[in-house]
Every structure is written in structure tokens, then in C-alpha cells.
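What the coordinates show
Spelled out from the first residue to the last, the chains are:
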Amino acid sequence: MGAGSLNSANNHQSKCPDQRRTIRENLDRFIPNRSAMDFDYAHYMLTGGRKGKENPAASSPSKEAYRKQIAETLNMNRTRILAFKNKPPTPVELIPQSFYPSSVQQPKTTKPRRHISQSSERTLDAPDLLDDYYLNLLDWGSSNVLAIALGSTLYLWDASDGSTSELVTVEDEDGPVTSVSWAPDGRHISIGLNNSDVQLWDSTANRLLRTLKGGHTSRVGSLAWNNHILTTGGMDGKIINNDVRIRSHIVETYRGHRQEVCGLKWSASSQQLASGGNDNLIYIWDRSAAASNSPSQSQWLHRMENHTAAVKALAWCPFQGNLLASGGGGSDRCIKFWNTHTGACLNSVDTGSQVCALLWNKSERELLSSHGFTQNQLILWKYPSMVKMAELTGHTSRVLFMAQSPDGCTVASAAGDETLRFWNVFGIPEVAKPAPKAHPEPFAHFTRIR
């Protein structure tokens, strides 16, 4: 078959020499380029080129040397017979890229990996900071002012210029301060006290606006704002919604916890409230359901019992409205994730130490947790894989409180070692760019003639 078919192919090629030279060069790259093949050499190699090797006794040394010399002279030592087409030429651009707007001509680039500093950017002294897991003594307002309660005194630290001022020192019989929370406007601030009162202050005018009394019977350790509603949680287990605009400020009371309420967080939709307590329970309360009931009969939506220690750390996910993260105390050590629409536990991760606080990254799928014994560290997790991205160390006692700057990039942490540390853990704030046109036109930057 080989000799006969190749002879016929060779005869056909010899009959049409002009046709062979006129074949166009733009052939498919996966089709052999027959114009570059040497069928004569192929036929020789298949029929006569290997006779000497198949019958070595018939060829003398002088003939073999002569054959090698002829092969070198006639370039017959080639090993490649078949040839394939080269890569196609680069297409010609009908419209140069320089004529397109910058938003069109620049391809998408991969985001560079963010450097996470392992050490704090700044450290401040925080003397008399209470080493109490159940309190909430640190908050960062929308006006870029950090509030921290040290004993019976509330201090304000302005992040824009680094100045510190004292807002109030409460009386010994009323204090110490047990919780602090900025209102959404960044000007008004609420202060929970050990004597069960809650004070509202104007931080700009340094003036006490009003005192909420009669709601709780013991210290108020947690606060959370929802527009004009201030929610308070006390050691008595009660959760109270206070409308700060009216004289009779108590508008709803949530009853479920049997021990101190140490964590309160409203969802971004302002419809669901998550509460954690020293009874190891988490409750989800629905605002619309509470409004339809009497103030003393508000019923919880979900009750989560999976934690085995007190639950103080609560954080609503910024990119998924019904996702809640919670952290358990020393005998639990777990971060759990919840679907608050169904009440189901989606995942649980054992961190190895007491979880004191949780914060979500506002621009990336990341979660930051602060811990107690033994490492007293902050851990940055990648969500949802929960792979550790970084561990931030520096505190020598449990990191009880964390607060996030308004731009979402800097985190302040306060610990039982009486220090306040600032971490650039969530990156650098991005400068807002104007949105490009939906359909940019070529030559858009040229002046139109008509």
C-alpha cells in the first residue's frame, strides 16, 4: 500500500507542478501544509533509504561511507518530513485602540493582593478600662470620632486630628459606664450606666439631652440604634425599644433571655434585631411583628440554642441581609453563621479561644474576630471558606471590644491590658470613580462637525 499510494501521489504532483506553486498560504493551521512537504524524499525513505539498515551484510564499509557523504551533501539527514502551517498573523485593527475612551481600551486587570500588616498602626493608653466580657465600651461614630468608656468617664478621640476630649464623668453612685453607642447622625451618643439609667448626649454641644429611666432594674450593658429607636439590653434580661422623640419612650419590650443581655445588633434593613445573652441563647426579633403586638407581648422570630457559652459577639453580613455571624464565650469558642429567615445554622468553626467581638469587611468577603485566652489575638477569616488570612497580635490580655472606622478600613480594639490599638486590616479606602457611560462611542472625545 505504501509504495503504490505514494507513487500515485508523486505522479499526481509531478503532473501538476504549477498548481502546487499556486496554492494559497492562508490554510487552516490544523491541516498539513502539503506545499511544504517533500514527497520525493518521503518516497525514497520508505522504499530505498532503509535498504542498507535492513540488510547490513550486503553493504560494504566503503559504500556506507559514500552513502553518508552523499546524504550530507544532498541534505538528506532530515528527520522531519511533514510540515504544518505557522501561527496565523495578528489581525489588523480597523480602529486603533487610541481612538477609544480609556474605559473601553483598558482591559480588566486582576486585583493585586492586599498587604495585611501584622502590627498595629497606633497604640493609645486606656487606663481604668473595665475587663468585663459582658459590657460594650467602645464605638466609632459616623463623624469619625471614637468613644471609649474608662471607668466612670467617657472620652472622645477625634480620628481626623488625633485630639482627645472628655465628654462626661458620671457620679460614683451611678457609674461606672457599662455601654456606649453612637446615633446614626454621628453627633448624639447614648450611654448605659450601672444604675440602670441611659443618658443621651449631644457631643457637639457637650450637653445632656435626657435620661431614660424606669425601663431596666439593673445595669444596661448593650445598646443599639435603629433610626430614632434606641434599643437597650440589661442584666435583667429585658430588651426595650425606646423612642427618643417622645416623653413615654418605651414602645416595645422583648422578653426571652433569662440572664444578662450582652449583645444587640440591628440588621441593615432595620427589620430584624439579633440579641445574645449570658444564657447562651440568640434571639431574632422582627420589628414588624413586634409592632402588631402589645408592648409587653412581643414574640421572638427565632431562638438559637447551639452555643454552649455566653453570646456577645454579633455581626450582620453587609452583602447578604439574612446572614448573621455569632461568637461564643470561653467554653464554646465557636463562630457560627445563621440564616435568619429560617433560623438554620449554616456553619460552625471552632476558633480555639473565647470570641469577644466580630466585624465584617464592608468591601470584601472577610470577617474579623477578636479573642481571649490564650493568644489574645485578632483573626482575619476568608468567607465562606473560613481560611485564616492573618493573625494580628500585640495585646497581652483578652481583646474585649472592637469598632470599625466609617470608611470601613481601620479597626480599633480595646483589651483588658488597658491599651487601645488601631489596625489597618481591611485595606485602603478606594477613591470613588465616576461611572462610565453604558455604551461609549468611538471618537467620543473628538469635536463633532455636525
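Now for a description of the structure that goes with this document.

Conventions and cut-offs
- Residues numbered from 1 in each chain as written.
- Predicted model: local features only at pLDDT ≥ 70, side-chain atom pairs only at ≥ 80, totals over all residues.
- Heavy atoms only, no water.
- Helix = DSSP H or I, 4+ residues; strand = E, 2+ residues; numbered from the N terminus.
- Contact = heavy atoms within 4.5 Å.
- Areas by Shrake-Rupley, 256 points an atom, 1.4 Å probe, with all protein chains shown as cover.
- Phe/Tyr/Trp six-rings, centres within 6.5 Å; stacked < 30°, edge-to-face > 60°.
- Buried < 20%, exposed > 50% of the residue type's maximum accessible area, 1.4 Å probe, protein only.
- Lys NZ or Arg CZ within 6 Å of the ring centre and 35° of its normal.
- Pairing = 2+ DSSP bridges.
- Axes fitted to C-alpha atoms, helices over the stretch in contact; angles between N-to-C directions.
- Salt bridge = Lys/Arg side-chain N within 4 Å of Asp/Glu carboxyl O.
- Core = buried A, V, L, I, M, F, W, Y, C linked by side-chain atoms within 4.5 Å.

Our focus in this paragraph is the overall build of the chain. Along the chain, the regular secondary structure elements total 7 helices and 28 strands. Looking at the chain alone, contacts between residues at least 24 apart form 48% of all its contacts between residues at least 6 apart. For the chain, the exposed surface amounts to about 24900 Å²; the carbon and sulfur share of it is 51%.

What follows concerns the packing of aromatic side chains. Taken as a whole and assessed by the stated rule, the structure comprises 11 aromatic pairs. The interplanar angle of 55° and the centroid separation of 5.9 Å between the aromatic rings of Tyr 283 and Trp 300 together place this pair among those described as tilted. One end of the pair, Tyr 283, is in strand E16 (residues 282-286); the other, Trp 300, is in the loop between helix H7 (287-292) and strand E17 (302-304), and 17 residues separate them in sequence. Judged by centre distance (5.6 Å) and plane angle (85°), the ring pair of Phe 319 and Trp 360 falls under edge-to-face. Pair noted here: Phe 319 is in the loop between strand E18 (311-316) and strand E19 (323-328) and Trp 360 is in strand E22 (residues 355-360), with a separation of 41 residues, a long-range link. Relative accessible area serves as the criterion here: at 30%, Phe 319 is assigned to the partly exposed category. An aromatic cluster is present here, built from Tyr 254, Tyr 283, Trp 285 and Trp 300 joined pairwise through their rings. Above the face of the Tyr 133 ring, Lys 312 is positioned so that its terminal group lies 5.5 Å from the ring centre. The ring of Phe 319 carries the charged tip of Arg 365 above its face, separated from the ring centre by 4.2 Å.

A few words on the sheet that holds E16. A sheet is described by the order of its strands in space; here 4 strands give the open sequence E14-E15-E16-E17, paired in antiparallel fashion. Two strands lie at the open edges of the sheet, namely strand E14 (261-266) and E17, each paired on one side alone. Put simply, the sheet's adjacent strands are angled 15° from each other on average, direction ignored.

We now examine unusual backbone geometry. Cis peptide bonds are those with omega within 30 degrees of zero, and the linkage from Gly 175 to Pro 176 qualifies with 5°. Mapped onto the secondary structure, Pro 176 falls in the loop between strand E5 (164-169) and strand E6 (177-182). Following Tyr 383, the chain continues into Pro 384 via a peptide bond in cis, with omega recorded as 5°. Structurally, Pro 384 is set in the loop between strand E24 (378-382) and strand E25 (387-392).

Side-chain pairing between opposite charges can occur once the charged atoms of the two side chains come close. Per the counting criterion, the structure on display carries 11 salt bridges. Linking Asp 132 and Arg 219 is a salt bridge whose minimum nitrogen-to-oxygen distance equals 3.1 Å. On the criterion of sequence distance, the pair formed by Asp 132 in the loop between strand E1 (122-125) and strand E2 (138-140) and Arg 219 in the loop between strand E9 (207-212) and strand E10 (220-226) is long-range, its members being 87 residues apart. Residue class for Asp 132 comes out buried when judged on its relative accessible area of 19%. For Arg 219, a relative accessible area of 13% translates into the label buried. Measuring nitrogen to oxygen at the nearest pair gives 2.7 Å for the salt bridge that ties Asp 197 to Lys 213. Placement of the pair is Asp 197 in the loop between strand E7 (188-193) and strand E8 (198-202) and Lys 213 in the loop between E9 and E10, with a sequence separation of 16 residues.

Turning our attention to the pairing of E14. Strand residues, when the strand is regular, have side chains that alternate between the two faces of the sheet. Counting buried residues in E14 gives 5 out of 6 residues, a clear majority hidden from the surface. For E14 and strand E15 (residues 272-277), the ladder comprises 5 bridges, and the chain directions are antiparallel. Residue pairing for E15: Lys 265 is matched across the bridge by Ala 274. Where E14 folds back on E15, the antiparallel hairpin that results is connected by 5 residues, among which Ser 270 adopts a positive phi of roughly 65°.

Attention now goes to the sheet that holds E19. Read across the open sheet, the 4 strands follow the order E18-E19-E20-E21; overall the sheet is antiparallel. Of all the strands in the sheet, just E18 and strand E21 (344-350) have a single pairing partner and so form its edges. Taken pair by pair, the neighbouring strands of this sheet meet at an average axis angle of 20°, ignoring direction. With 6 bridges connecting them, strand E20 (residues 334-339) and E21 associate as antiparallel partners. The residue bridging Phe 337 from the neighbouring strand is Asn 347, located in E21.

Let us look at the environment of Val 349. As for its placement among the helices and strands, Val 349 is situated in strand E21. Residue classification places Val 349 among the buried positions, given a relative accessible area of 15%. C-alpha of Val 349 to C-alpha of Arg 333: the two residues are 16 residues apart in sequence and 8.4 Å apart in space. Residues in contact with Val 349, not counting those within four places in the same chain, are Arg 333, Cys 334, Ile 335, Trp 381 and Met 386.

For E15, the buried fraction is high: 6 of the 6 residues fall into the buried class. Residues Gln 272, Ala 274 and Gly 276 line one face of E15 and the alternating positions Leu 273, Ser 275 and Gly 277 line the opposite face, and both faces are buried. Inspection of the sheet shows E15 paired to E16 by 5 bridges, in the antiparallel sense. The residue of E16 that forms the bridge with Gln 272 is Asp 286. The turn joining E15 and E16, which pair antiparallel and follow one another in sequence, is formed by 4 residues; a positive phi near 70° is taken by Asn 280.

Ranked by internal contacts, the top residues of the largest apolar core, which has 35 residues, are Leu 129, Leu 138, Leu 146, Ile 148, Leu 154, Ile 189 and Leu 420. At 6 residues, strand E3 (residues 145-150) tops the list of elements feeding residues into this core. Those residues within four positions of Leu 138 in sequence are excluded, and the remaining contacts are Leu 146, Ala 147, Ile 148, Val 180, Phe 401, Met 402, Ala 403, Ala 412, Ser 413, Ala 414 and Leu 420. If you look at the next biggest cluster of nonpolar residues, it comprises 16 residues, including Leu 323, Ala 325, Val 355 and Ile 379.

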